[in-house]
Amino acid sequence: MKKFKIKGKVTFKDMGPGAWGIVTREGQEYRPVNFPEQLKKEGAEVEVTAVKSEEEFSVHMWGEAVEIVGFGTLLP
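Caption draft 1: Broad picture of the sheet that holds strand β5 (residues 64-73). Strand order around the closed barrel formed by five strands is β1-β2-β3-β5-β4, with mixed pairing between neighbours. Between one strand axis and the next, the sheet turns through 55° on average, direction left out of account. Pairing between strand β2 (residues 19-24) and strand β3 (residues 29-32): two bridges, direction antiparallel. Of the residues in β3, the one forming a bridge with I22 is Y30.

Structure below.
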């Protein structure tokens with residue numbers, strides 16, 4: 001699978017069971033299926049390396065499903 005970078009802000013969507021995700025400046029929404037606990041802070045600026053998820057079904061109706069393979073936080 002091809003790796004790609006996602007740079008954006010962490011957000012929590014309070015829909016159904018809730019979902020953590022990343023929203024880019026361009027408005028793209030990603031929902032990591034393996035979101036690291038260290039990154040679960042509303043509004044945190046992060047950069048992750050990800051691959052598209054093979055997830056076929058989810059109760060979450062938000063964001064593109066991805067798997068994180070590397071990450072870091074961005075300091076102001």
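Caption draft 2: Broad picture of the packing of aromatic side chains. Inspection of the entire model under this criterion finds three aromatic pairs. Three or more aromatic residues link up through ring pairs in this structure, and these residues are F12, W20 and F35.

Reading the values: rules and limits
Residues numbered from 1 in each chain as written. Predicted model: local features only at pLDDT ≥ 70, side-chain atom pairs only at ≥ 80, totals over all residues. Heavy atoms only, no water. Pairing = 2+ DSSP bridges. Helix = DSSP H or I, 4+ residues; strand = E, 2+ residues; numbered from the N terminus. Axes fitted to C-alpha atoms, helices over the stretch in contact; angles between N-to-C directions. Phe/Tyr/Trp six-rings, centres within 6.5 Å; stacked < 30°, edge-to-face > 60°.

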